[in-house]
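A structural walkthrough
Residue-level listing of the chains:
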Amino acid sequence: MTRKVAFLTIHGMGDTDEYYYKPLKKRLVKSLGDNWDKVSFQSIYYQPLVQDNQEAYFNRVCKKLDWLKMRKFVLYGFSDAGGLEYSRNIPGSVYTKVQETIFEALGKAYNDVGPDGEVVLIAQSLGCQVLSNYIWDAAKPESQNITHGVWGSDLWRELDQDELNFRRLKSLKVLITTGCNIPIFVAGLNRENITPIAAPNTQFIWENYYDDDDVLGWPLSELSEAYSDIVEDKEINAGGVFSRWTPFSHTKYWTDSDVIDPVSAHVKRLLA
């Protein structure tokens, strides 16, 4: 196998295009040059799993409402979050199906890089919480008999140990979160009980990029001492001259050099 690093992306909330990753990928291909041939690129796209019902409802009510663009963003975005968390313990739920998209993307990456491959993951907005849930569930011992998500199904039971460890993200070396919403889900808990994912290995690095004008993106290290021990917050100005000073910066991280350059540097380091 000639590919050494698996690079995966996962999008955030709202009405998201299937090819959401293209601007980021284009910049990375240019930065890495010939080294890109050593990278297995996989995009995780879960929006269709939640969007059909959102769109049907919106079309039924839109003639009765004003501020449609803003309403559509709020409906699609926050119903994504609410639906995913609410459905966790429901058999065949959206929560499980979204985790299956991550599980399947990791399977494709494993076919490219094998058991020695290393993983870099970049997650945006709600995708940070989605990915955190996946890693949290995957880290539970098999003896705990999880009953929800992909790890409560039989999908993983026929895998050999190497592939199982890979799909459990034991090889995750770099996690980049941008415009992260995790505090929206956990900030109301007692500070001592706010626990992040465990580091999957001793080389694990977690960098969280946020813009102070992005009302949907938050620092993480202040959530608890456990978070401050595992994640490094990095404040940037995301976007161009007309967006970096506004909440619209939430959609600009993956085209900003303050994110792309360190991501590229991480991949190059792992390929060296």
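Just above, that's the structure.
Residues numbered from 1 in each chain as written. Predicted model: local features only at pLDDT ≥ 70, side-chain atom pairs only at ≥ 80, totals over all residues. Heavy atoms only, no water.

As for the pattern of salt bridges
- Applying the stated criterion across every chain, the model contains five salt bridges.
- The salt bridge involving Arg-3 is made with Asp-112; its shortest N-O contact spans 3.4 Å. In this pair, Arg-3 is assigned in the segment before β1 (5-10) and Asp-112 in helix α4 (residues 94-113), connecting sequence segments 109 residues apart.
- Given a relative accessible area of 24%, Asp-112 falls into the partly exposed group. (Salt bridge = Lys/Arg side-chain N within 4 Å of Asp/Glu carboxyl O. Helix = DSSP H or I, 4+ residues; strand = E, 2+ residues; numbered from the N terminus. Buried < 20%, exposed > 50% of the residue type's maximum accessible area, 1.4 Å probe, protein only.)

Re the sheet that holds strand β6 (residues 232-235)
- Strand order in this open sheet of six strands is β2-β1-β3-β4-β5-β6, and the pairing throughout is parallel. In the strand order of this sheet, the two ends are held by β2 (39-44) and β6, each with one partner. Averaged over neighbouring strand pairs, the angle between their axes works out to 15° when direction is ignored.
- Across six bridges, the pairing between β1 and strand β3 (residues 118-124) is parallel. Bridge pairing links Leu-8 to Leu-121 in β3.
- The sheet strands contacting helix α1 (residues 22-32) are β1, β2 and β3, and the helix crosses β1 at an angle near 155°.
- Taken strand by strand, helix α5 (residues 126-138) contacts β1, β3 and β4 (172-178), and its axis lies near 140° from that of β3. (Pairing = 2+ DSSP bridges. Axes fitted to C-alpha atoms, helices over the stretch in contact; angles between N-to-C directions. Contact = heavy atoms within 4.5 Å.)

Description of the packing of aromatic side chains
- Scanning the entire structure with this criterion turns up twelve aromatic pairs.
- Relative to Phe-41, the ring of Trp-36 lies with its centre 6.0 Å away and its plane at 40°, an arrangement referred to as tilted. Neither residue differs from the other here; Trp-36 and Phe-41 are each classed as buried.
- An aromatic cluster is defined as three or more aromatic residues linked by ring pairs; in this entry it consists of Phe-7, Tyr-19, Tyr-20, Tyr-21, Trp-36, Phe-41, Tyr-45 and Trp-254.
- Across from the ring centre of Tyr-19, 4.9 Å away, lies the NZ or CZ of Lys-22, which sits over that ring. (Phe/Tyr/Trp six-rings, centres within 6.5 Å; stacked < 30°, edge-to-face > 60°. Lys NZ or Arg CZ within 6 Å of the ring centre and 35° of its normal.)

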